[in-house]
Amino acid sequence: MSQPQTRPYAEHRPAYHFLPPAGWMNDPNGLIHFRGEYHLFYQHNPESAVPRNIVWGHAVSKDLVHWKHLPIALRPDKPYDKDGVWTGCMVDDGGVPTAVYTGVHPEVQCIATSKDMMSWEKAPENPVVAAPPPGLQVTGFRDPYVWRSRDWWYAVVGSGIRDVGGTILLYRSRDLRRWEYLEPALVGEKAKTGEMWECPNFFQLGRKWVLWTSPVPLGRVLYFVGTFRNHRFTPEYQGEMDLGGCFYAPQGFRDARGRRILFGWLWETRPEKMSVEAGWAGVQSLPRQVSLSPEGRLLFKPVAELSRLRREHVNLPAQLLRSGEEVVVKGIAGDRWEMFAEIHPQEAQKCGIRIVHTADEAQVTTVLFSQANGTLSVDRSHSSRYEEVARDVRSAPLSLKDGEPLRLRLFVDHSVLEVYANEHTCLTSRIYPQGTGGYQPHLFAEEGTARLMRIEGWILDAIW
């Protein structure tokens, strides 16, 4: 369903990222691959582009690319969830789709089941977890994530211990209705990893276990890779999922092909007034496939199905890029495109891609690799003439091994910019240029010569 192009800020509305027809959207919920279809639920206010009166929106897809909007799944209509049906997950309980979610009265854990993935019945046993564990002074108690191991269901609930730090509380159940509290599976340090851990995901990947969570008040996504024994998780590697400043509350699931896939909420970095005038706020990231490097680091790449969006193709020959020069990729322009660039920095201290607004070249967003500093940055300081929107620089550590090229994969979708580097570093941004016209990539090098080994790009279809 398309938005009328006469609406304010219509040029900012994404065309192939998932978002509802109108209103507010935040966390992805209840992701599941069930009977050959992908289901995406999400926190949603269909009435206005503000985070109030939240329901569970619902959409379905056969390919993770083209989505059909379905009726609202869950509403706050019971005493235990009257103030909100908040984030949760979805499991297949012997062929019965079962949502496990947080109801707000105050924060309690609830379940709802369906026979057809369209109509939902809340369990008479709700709330199935009516309060945090006794004796713990918690700073939150929400966002259950559930998995099955042999004869038991296990769940982690996002929480925090006052004056100590964020934590995940571990539970188990035989039937999803009667839950036994076990213990904190991991407790963080308030000064380093936040005071409360929202939206935890906890799962096995290969021989390791992975926890990711969105700490309050950090506003980022941390992940830990390690071992899980005797109800305790021991991290061996810690990283950050996306340092672009706009990515939060990701949820993952395993599909029928065995892939671990995630979506994350891309929030707006414009004032609420602009979102209300536009009639929408919040976007889901592209679906990302997650894997594990030999060193225990998480790797991310867009799912292969996204290639179905590709149309006009551009392929430039290998060439040198001298300091002060630019290579303009003339075959790529507009509001919807994908580009892959493989660059050997050689002696260039800096290199990257300028995303130039075609109608107003003063509006430009720069993706910059600094070989000297070992960083990858997205510079939005000149991305818009709107003074109200966020215009800053976001950076992530990125160092290349000897002889390793910089591999950049960019997705531009109106106000969304997703940057993937060497499959392990992600920077997702929101950019709001003033005026229509789209963008064009310019590759550059500074303080030395770099070599462009591969430049390939595509204009992408709109799905909305």
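Before reading further, recall that the structure is shown in the block above.
The rules we used
- Residues numbered from 1 in each chain as written.
- Predicted model: local features only at pLDDT ≥ 70, side-chain atom pairs only at ≥ 80, totals over all residues.
- Heavy atoms only, no water.
- Helix = DSSP H or I, 4+ residues; strand = E, 2+ residues; numbered from the N terminus.
- Contact = heavy atoms within 4.5 Å.
- Polar contact = N/O pair within 3.5 Å; in protein donor to acceptor, adjacent residues only side chain to side chain.
- Salt bridge = Lys/Arg side-chain N within 4 Å of Asp/Glu carboxyl O.
- Buried < 20%, exposed > 50% of the residue type's maximum accessible area, 1.4 Å probe, protein only.
- Pairing = 2+ DSSP bridges.
- Axes fitted to C-alpha atoms, helices over the stretch in contact; angles between N-to-C directions.
- Core = buried A, V, L, I, M, F, W, Y, C linked by side-chain atoms within 4.5 Å.

Q: In this structure, what is going on with the environment of His 33? I would like to understand it.
A: Relative to the helices and strands, His 33 is located in strand E1 (residues 23-34). Along the sequence, His 33 and Glu 456 sit 423 residues apart, while their C-alpha atoms lie 32 Å from each other. If near-sequence neighbours (up to four positions away) are discounted, His 33 is found in contact with Tyr 38, Phe 253, Asp 255 and Ala 256. Polar side-chain contacts of His 33 include one of 2.9 Å to the backbone nitrogen of Ala 256.

Q: Is there a simple way to think about the pattern of salt bridges in this case?
A: Side chains that differ in charge, positive against negative, can pair when their charged atoms come close. Considering all chains together, one arrives at 32 salt bridges under this definition. A salt bridge links Glu 418 to Arg 288, with the nearest nitrogen and oxygen atoms 3.2 Å apart. Residue Glu 418 is located in strand E32 (residues 416-421), and its partner Arg 288 is located in strand E21 (residues 288-292); the two are separated by 130 residues in the primary sequence. Summarising the burial analysis for this pair, Glu 418 and Arg 288 share the class buried. As a salt-bridge pair, Arg 354 and Glu 446 come within 3.0 Å of each other at their nearest N and O atoms. With Arg 354 in strand E27 (residues 350-357) and Glu 446 in strand E34 (residues 439-446), this residue pair connects regions lying 92 residues apart in the sequence. On the basis of relative accessible area, Glu 446 is assigned to the partly exposed category, the value being 26%. Here the salt bridges share partners, and the residues they tie into one network are Asp 255, Arg 257, Arg 259 and Glu 305.

Q: It is not clear to me how the sheet that holds strand E5 (residues 85-93) should be interpreted in this structure. Could you clarify?
A: Pairing is antiparallel across the open sheet formed by 4 strands, whose spatial order is E5-E6-E7-E8. Of all the strands in the sheet, the pair left with one neighbour each is E5 and strand E8 (121-122). Sheet topology note: the E5/strand E6 (residues 96-104) ladder contains 7 bridges and is antiparallel. Its bridge partner being in E6, Asp 92 is matched across the sheet by Pro 97.

Q: Looking at this model, I keep getting lost on the sheet that holds strand E11 (residues 165-173). Mind explaining?
A: Paired through backbone hydrogen bonds, the strands of a sheet run either parallel or antiparallel to each other. With antiparallel pairing, the 4 strands of this open sheet are ordered in space as E9-E10-E11-E12. In this open sheet, the two strands that pair with only one neighbour each are strand E9 (138-149) and strand E12 (179-187). Strand-to-strand twist in this sheet, taken as the mean axis angle between neighbours without regard to direction, amounts to 25°.

Q: I tried to follow the nonpolar core on my own but got confused; where do I start?
A: In a soluble, globular protein the nonpolar side chains are often hidden away together inside. Of all hydrophobic cores here, the largest spans 49 residues; its most connected members are Phe 18, Leu 64, Trp 67, Trp 212 and Leu 298. In terms of residues, this core owes the most to one element, strand E18 (residues 260-266), which gives 4 residues. Residues Val 314, Cys 351, Leu 406 and Leu 443 belong to the second largest nonpolar core, which totals 36 residues.

Q: Would you take a moment to explain the side chain of Asp 242 for this structure?
A: Among the structural elements, Asp 242 can be located in the loop between strand E16 (232-240) and strand E17 (247-254). Take Asp 242: its relative accessible area is 3%, and that puts it in the buried class. There is a polar contact of 3.1 Å between the side chain of Asp 242 and the side chain of Arg 288. Reaching out from Asp 242, the side chain makes a polar contact with the side chain of Thr 428 at a distance of 2.6 Å. Once residues lying within four places of it in the same chain are set aside, the contact partners of Asp 242 are Phe 247, Arg 288, Cys 426, Leu 427 and Thr 428.

Q: Could you clarify how one ought to interpret unusual backbone geometry in this entry?
A: Peptide bonds are, in most cases, trans, and in most cases residues other than glycine have a negative phi. A cis amide bond, omega -15°, links His 105 with the succeeding residue Pro 106. Among the secondary structure elements, Pro 106 is positioned in the loop between E6 and strand E7 (107-113). The residue after Val 216, namely Pro 217, is reached through a cis peptide bond having omega 5°. Of note, Pro 217 is situated in the loop between strand E14 (208-216) and strand E15 (222-229).

Q: Where do I start with the environment of Glu 361 in this structure?
A: Relative to the assigned elements, Glu 361 resides in the loop between E27 and strand E28 (364-370). By relative accessible area, which is 58% here, Glu 361 ends up exposed. Considered as a pair, Glu 361 and Phe 34 are 327 residues apart in the sequence and their alpha carbons are 46 Å apart.

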